[in-house]
Amino acid sequence: MTTSKGKSTLSDLQKTCLNILIVVGSGLICLLLSPMRFPGIELLDVTPNWVLIWVVIWSIHHPIVDGAIAGIVLGLMHDSLTGAFPTHALGLMVVGMLSARLQRQRLIRENVVLVAFIVFGMAVVAATLIALQMSFHYLLWPNSPYLSLWQIWRTHQRVALSSAILSSLWTPALYYPLHFWWKR
Amino acid sequence: MFALRRWWDRYAARAGVAALVISLAWAMRQTQGAAIYEMYQVLTAPLQPGLTQAERLENAYVLELQQRVIELENQNQSLRTNIDYADDQGKVTIAAVIGRSADSWWQQITVNKGSTDGVTEGDITTGPGGLVGRVVSVSPNTSQILLITDPTSQMGVKVSRSRALGVVRGNVDGRVIMQFFETTPDVKPGDVIVTSSYSRLFPQGVPVGRIESMDLKKSPAPEAVIQLSSPISVLEWITIHPFEAKIDVNAPPAEIADDDPATP
């Protein structure tokens, strides 16, 4: 998954190691940011979806399969911080594949506003997939903890919109350093 | 076969890395993210409040004691047992809230005390005012608390005044709903709700909140919206009480009180 391109003063091995370090480190930072609440980060009790931002930025620089794998891995890790059901892995896998598909148009990668727009759309996709899982659980499980479909989807509106707005606003903070690295 | 071989030659390393990374992530998920939360605890250490309120009070109190004359020592010691709440209660742990839910669909908090401080899974937590939640996973220095506002959190409760029984459930939107067992419960807004003896995961008699509004015509069971007595959204300190969940609620009681003599 980690390839080193181009020529520079660093050897290929060093570049690969540095790449692994940056990929793992930035992913970890996103996971560690998730439970944090610092001023200016909350909107209607919703925080930016850091992990999703990372997956989108990764995917627009990598092929579809890599996007899907990154989505699954980060999704499982996000699950470990919350709970096993509903899983984030499904939503983030779809997000990774969709974003990697959009990458075909080259101009997207260079334009931070377009990336922010993609994050906006993908945050809605991820929230929808979680709400869908809850809805299926509600419909198929007799003892489902969820009280009604109406409530799930009303919460979905609030969560999807707020997390989409916040995530797209915070996108540049992750985009610039990662894009700068992967562009080389 | 040849194509497969060629594919393998080209992508073996990539497939291996992908499998490794996915299995690592899976392992992390199975361990409830203990590694990440441990790291989080270390990284946020400078941001965490230092001494607990109880410890700060104790320090101030010890200083005060030193300045007093020796005749007051006995009196001071008795006051000290009153102040040092944590010691007084025996096993209660006071913990600081260091993180909130990692996603808006869950209602959890992370606190800075874990298994090294004697916290175990299933312990209940209270804040100023009443019940907060239940410890669902523990790492050496952190624990995850599932708040009572989470949809997967349910507990048996009763209305303190009329003993009307019901179940309190969290909701995806963060409100807390009580469903009554009876169709016409004796209840009015302002009634105090406490956990009942039917609650499997919580001890009985812990205050939960007050009835805010009711919908007694709701089918299949009448419902009421509960206003929690603990300010969950602004919590900074919580108290962890050791508690063992009752494993089998359906088991018959050991002794059945019966007036008639048992027939052999």
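Residues numbered from 1 in each chain as written. Chains lettered and ligands numbered in written order. Predicted model: local features only at pLDDT ≥ 70, side-chain atom pairs only at ≥ 80, totals over all residues.

Caption draft 1: Fine view of the overall build of chain A. Helices and strands together make up the secondary structure of chain A, namely 7 helices and 0 strands. Mapped in sequence order, the helices and strands of chain A form the string α-α-α-α-α-α-α. The C-alpha radius of gyration of chain A comes to 17 Å, within 12% of the 16 Å expected for a compact globule of 184 residues. Here chain A holds 184 residues, and 42% of them are scored as buried. A fraction of 67% describes how many contacts in chain A between residues 6 or more apart in sequence connect residues 24 or more apart. (Helix = DSSP H or I, 4+ residues; strand = E, 2+ residues; numbered from the N terminus. Rg over C-alpha atoms; globule rule 2.2 N^0.38 Å. Buried ≥ 20, exposed ≤ 12 C-beta atoms within 10 Å, placed from the backbone. Contact = placed C-beta atoms within 7 Å.)

Caption draft 2: Inspection of the packing of helix H2 (residues 50-59) of chain A against helix H3 (residues 64-81) of chain A at higher detail. All names here are of chain A. Two elements in contact, H2 and H3, have axes separated by 9 Å at closest approach and are oriented at 165°. When the axis of H2 is compared with that of H3, the two are roughly antiparallel. For the element pair H2 and H3, the recorded crossing hand is right-handed. On H3, the residues that touch Val51, Trp54, Val55, Trp58 and Ser59 of H2 are Gly67, Ala70, Gly71, Leu74 and His78. Here the contact of H2 with H3 is built from residues that sort into 6 nonpolar, 4 polar and no charged. (Axes fitted to C-alpha atoms, helices over the stretch in contact; angles between N-to-C directions. Parallel < 35°, antiparallel > 145°, perpendicular 65-115°, else oblique. Left-handed = near helix turned anticlockwise from the far one by under 90°. Nonpolar A, V, L, I, M, F, W, Y, C, P; charged D, E, K, R; others polar.)

Caption draft 3: Region of the structure containing the confidence of the model for chain B. Residue and element names in this part refer to chain B. Chain-level pLDDT for chain B is 80 on average; 82% of the residues reach the 70-or-more range. Counting contacts from residues 251-258, a segment whose pLDDT is below 50, to residues more than four positions away or on other chains yields 0 contacts. Counted against residues more than four places away or in other chains, residues 260-264, with its pLDDT under 50, gives 0 contacts. Among the prediction metrics, the complex's ipTM stands at 0.78, with pTM recorded as 0.74. (pLDDT = per-residue confidence, 0-100.)

Caption draft 4: Main features of the pairing of strand E8 (residues 176-180) of chain B. Residue and element names in this part refer to chain B. Judged by which residues are buried, E8 turns out to be one-sided: Val176, Met178 and Phe180 face inward and are buried, whereas Ile177 and Gln179, on the alternate face, are not. Across 5 bridges, strand E7 (residues 165-170) lies against E8 in antiparallel orientation. Considered in E8, the bridge of Gly166 is made with Phe180. Relative to strand E11 (residues 223-228), E8 runs antiparallel, the two being bridged by 4 bridges. Bridging from a neighbouring strand, Ile177 pairs with Val225 of E11. (Pairing = 2+ DSSP bridges.)

Caption draft 5: Focus on helix H1 (residues 2-30) of chain B. Bending of H1 of chain B peaks at approximately 65° at the position of Tyr11 of chain B. If you check which residues of H1 of chain B are buried, you get Ala25, Met28 and Arg29 of chain B. Tucked into the core, H1 of chain B has its buried residues touching H3 of chain A together with helix H2 (34-43) of chain B. Phi turns positive one or two residues past the end of H1 of chain B, at Gln32 of chain B, with a value near 60°. (Bend = angle between axes of the 7 residues up to and from the residue.)

Caption draft 6: Layout of helix H6 (residues 112-140) of chain A. When the terminal C-alpha atoms of H6 of chain A are compared, their 42 Å separation across 29 residues agrees well with the 42 Å that a helix rising 1.5 Å per residue should span. Taken together, the buried positions of H6 of chain A are Val115, Ile118, Val119, Phe120, Met122, Ala123, Ala126, Ala127, Leu129, Ile130, Ala131 and Met134 of chain A. (Expected span 1.5 Å × (residues − 1).)

Caption draft 7: Structural context of the interface of chain B and chain A. Counting residues at the interface gives 34 residues for chain B, matched by 31 residues for chain A. Those elements that place two or more of their residues in the side of chain B that touches chain A are H1, H2, strand E1 (93-100) and strand E2 (108-111) of chain B. Of the residues forming the side of chain B that touches chain A, the biggest block, 9 residues, is contributed by H1 of chain B. Each residue belonging to the side of chain B that touches chain A can be placed in one class, and the counts come to 17 nonpolar, 11 polar and 6 charged.

Caption draft 8: Broad picture of the pairing of E1 of chain B. Residue and element names in this part refer to chain B. Among the 8 residues in E1, 6 count as buried, and that is most of the element. Relative to strand E12 (residues 237-241), E1 is paired through 4 bridges, and the arrangement is antiparallel. What sits directly across from Ile94, in E12, is Thr239. Relative to E2, E1 is paired through 3 bridges, and the arrangement is antiparallel. If you follow Arg100 over to E2, its bridge partner there is Ile109.

Caption draft 9: Quick peek at the environment of Ala35 of chain B. Position of Ala35 of chain B among the secondary structure elements: in helix H2. With 136 residues separating them in the primary sequence, Ala35 of chain B and Asn171 of chain B have C-alpha atoms 29 Å apart.

Caption draft 10: A look at the environment of Ser80 of chain A. Inspection of the secondary structure assignment puts Ser80 of chain A in helix H3. On the basis of neighbour counts, which here come to 26 C-beta atoms within 10 Å, the residue Ser80 of chain A falls in the buried class. If we ignore the near neighbours within four places in the chain, the residues touching Ser80 of chain A are Met28, Arg29, Gln32, Gly33 and Ile36 of chain B.

Caption draft 11: Region of interest: the sheet that holds E7 of chain B. Spatially, 6 strands are ordered E6-E7-E8-E11-E10-E9 (chain B) in a closed barrel, and the strand pairing comes out antiparallel. The sheet shows a mean angle of 40° between the axes of neighbouring strands, taken without regard to direction.

Caption draft 12: Representation of the sheet that holds strand E4 (residues 130-138) of chain B. Residue and element names in this part refer to chain B. If you walk around this closed barrel you meet the 6 strands as E1-E2-E5-E4-E3-E12, and the pairing is antiparallel. Mean inter-strand twist for the sheet, computed between neighbouring axes without regard to direction, equals 45°. Looking at chain direction, strand E3 (residues 124-127) and E4 are connected through 4 bridges and run antiparallel. Within the sheet, the bridge partner assigned to Gly127 lies in E4 and is Gly130.

Caption draft 13: Inspection of the nonpolar core at higher detail. Among the nonpolar cores identified, the biggest contains 57 residues, and Leu52, Trp54, Val55 and Val56 of chain A are the most heavily contacted of them. Of all the secondary-structure elements, those providing two or more residues to this core are helix H1 (12-33), H2, H3, helix H4 (88-102), H6 and helix H7 (149-183) of chain A together with H1 and H2 of chain B. The dominant element in this core, judged by the number of residues it contributes, is H6 of chain A, at 12 residues. If we ignore the near neighbours within four places in the chain, the residues touching Trp54 of chain A are Ser26, Gly27, Cys30, Leu74 and Leu174 of chain A. (Core = buried A, V, L, I, M, F, W, Y, C linked by C-beta atoms within 7 Å.)

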